[in-house]
Amino acid sequence: KGTHTMAFRQPKIEYKTNTQILKMREAGLVLAEALDEAVAAAQIGVTTAHLDEVFAAVLERHGATSNFKGYHDFPANICASVNDEVVHGFPSEYVLKDGDVLKIDGGAIIDGWHADSARTVIVGTADPEDQRLSDITQEAMWRGIAALAEARFVGQIGDAIDDFVSAVPGKPLGILEDYVGHGIGSEMHQAPDVLNYRTGHRGPRIKPGMCLAIEPMLVRGGLETKVLQDDWTVVTVDGARASQWEHSVAVHMGGIWVLTAHDGGVAGLAPFGVTPSPISS
C-alpha cells in the first residue's frame, strides 16, 4: 500500500500520545479478531466475498469501521488477493481452491484511530514452495519489527528485512519495491514510508509516538508488477505467487508494542530477544 509522497516537501510525521496509542490498540485488537475469523473461514469452496462479510461482521460487533471501504472508492472491507495477485485484490465471487495462496489485508478504525494488518493463508494443502514463501515473508515482518526496537532510523527496518531475505538458503525470493509500509494513526496512510529493502537512505529518526505499518511483500519470481483494469489489483507480471504479512507497531517511551497482535508481539518477537512493552493507561 505504498503512498506517493510530494517530491518537494517531506510530509510531517504524526507523533501519538499514549492515550492515542491505546485507542489504536483497541482498533488493533478488533482487527486481529476480524482477521482470525476471516482466516478461519478461508476454506476450499468459499468465495472471497464471503470472507469480506465475515470480517465486516466482527468490526460491526465491536462498533469499529473499516478504513478500506470507500478509501479512494475501494469497494470492500478487506483486500483479498489470490496467488499472483500481490495486494489490493477485490473480494469477489471467486471460489477458493485447494492450494490457493490468499492474502487478507484489513483495517479497523475506533474513535478516528486506525489499525492495519495482513496475513497470508494457504487454502487446503500447501505447495511446500508456497509455504516457504509465506513463512519467510512472515519472519521478514517479525525481523523488521524486531529491528524497530533497536533502530535509530526508519531505514534500518528495511535493512533488517533485506539482509534476512537475501541470506535465506535455497531458491531466492524477491522483495517487491513498488509497494511499501507506512506510518499510521489518525489516517491509514501517513508519513513516513517504510521500505522493505536496503537503500542508501537512513530515513527519519525513530522517536516515541511514531506508529508504523510494517508489511513486507515477497514473490517467488520477478519483481515486476502491473495493476489490472480495476485500477486496484496488483499482480506479478510473470504470474509468480506472492505473500504479504503486516502488523501495525507503536514506538513509545517504554519500547515497542505490536498493536495488531493479540499478545502485543510477545511470541513473534521472542526469537529475536525482544520483549514488547504495553502502555499502561
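What this report covers is the structure whose coordinates are included nearby.

Parameters and conventions
- Residues numbered from 1 in each chain as written.
- Predicted model: local features only at pLDDT ≥ 70, side-chain atom pairs only at ≥ 80, totals over all residues.
- Heavy atoms only, no water.
- Buried < 20%, exposed > 50% of the residue type's maximum accessible area, 1.4 Å probe, protein only.
- Helix = DSSP H or I, 4+ residues; strand = E, 2+ residues; numbered from the N terminus.
- Pairing = 2+ DSSP bridges.
- Patch = residues over 30% accessible without salt bridge, like charges linked within 9 Å, V, L, I, M, F, W, Y side chains within 5 Å.
- Areas by Shrake-Rupley, 256 points an atom, 1.4 Å probe, with all protein chains shown as cover.
- Salt bridge = Lys/Arg side-chain N within 4 Å of Asp/Glu carboxyl O.
- Lys, Arg positive; Asp, Glu negative; His and termini not counted.
- Charge placed at Lys NZ, Arg CZ, Asp CG, Glu CD.
- Expected span 1.5 Å × (residues − 1).
- Contact = heavy atoms within 4.5 Å.
- Axes fitted to C-alpha atoms, helices over the stretch in contact; angles between N-to-C directions.
- Phe/Tyr/Trp six-rings, centres within 6.5 Å; stacked < 30°, edge-to-face > 60°.
- Lys NZ or Arg CZ within 6 Å of the ring centre and 35° of its normal.
- Core = buried A, V, L, I, M, F, W, Y, C linked by side-chain atoms within 4.5 Å.

Of all five residues in strand β1 (residues 78–82), five are buried; the element is thus mostly enclosed. Burial along β1 is two-sided: I78, A80 and V82 and C79 and S81, pointing in opposite directions, are all buried. With five bridges connecting them, β1 and strand β3 (residues 101–110) associate as antiparallel partners. Of the residues in β3, the one forming a bridge with S81 is K103.

As a further point, take a negative patch on the surface. On the surface, E177, D178, E224 and D238 cluster together into a negatively charged patch. For D178, the position within the fold is in the loop between β5 (174–175) and β6 (181–183).

Before going further, it helps to examine helix α2 (residues 48–61). Look at α2: 20 Å from first C-alpha to last across 14 residues, which is about the 20 Å you get at 1.5 Å a residue. Listed in full, the buried residues belonging to α2 are T48, A49, L51, D52, V54, F55, V58 and L59.

Residue P192 follows A191 across a cis peptide bond; omega there is 0°. Topologically, P192 is positioned in strand β7 (residues 190–194). Non-glycine residue N83 carries a positive phi angle of around 60°. Counting through the fold element by element, N83 comes out in the loop between β1 and β2 (85–87). We classify N83 as buried; its relative accessible area is 13%. Of note in this structure, H88 is not a glycine but carries a positive phi near 65°.

Turning our eyes to something else, we now look at the sheet that holds strand β12 (residues 242–244). Read from one edge of the open sheet, three strands run β5-β9-β12, paired in antiparallel fashion. Pairing within the sheet leaves two strands with one partner each, and these edge strands are β5 and β12. Of the pairings in the sheet, the one linking β5 to strand β9 (residues 217–219) comprises two bridges and is antiparallel in character. Residue pairing in the sheet places G174 in a bridge with V219 of β9. Of the strands in this sheet, β9 and β12 are in contact with helix α3 (residues 128–150), which crosses β12 at around 30°.

What follows concerns the packing of aromatic side chains. Applying the stated criterion across every chain, the model contains three aromatic pairs. Aromatic pair F68 and F74: ring centres 6.5 Å apart, planes at 85°, arrangement edge-to-face. Accessibility assignment for this pair places F68 and F74 in one class, buried. Between F74 and W232 the ring centres are 5.0 Å apart and the planes differ by 80°, which places this aromatic pair in the edge-to-face class. Of the two residues, F74 is situated in the loop between α2 and β1 and W232 in the loop between β10 (225–227) and β11 (234–236); the sequence distance between them amounts to 158 residues. Since its relative accessible area comes to 3%, F74 is described here as buried. Just above the ring of F153 sits the side chain of R202; from NZ or CZ to the centre is 4.0 Å.

Our next topic: the sheet that holds β1. Reading across the sheet, the three strands line up as β1-β3-β4 and stay open at both edges, with antiparallel pairing between neighbours. Each of the sheet's edge strands pairs with one partner strand only, and the pair in question is β1 and β4 (113–122). On average, each strand axis in the sheet is inclined to that of its neighbour by 10°, with strand direction left out of account.

In terms of nonpolar packing, the biggest core is built from 33 residues, with I145, L148, I157, V165, I214, I256 and L269 touching the most fellow members. Going through the elements one at a time, α3, α4 (155–167), β7, β8 (211–214), β13 (247–252) and β14 (255–258) are the ones with two or more residues in this core. The element that contributes the greatest number of residues to this core is α3, accounting for eight residues. With sequence-adjacent residues up to four places away left out, V165 is seen in contact with A140, L173, I175 and L218.

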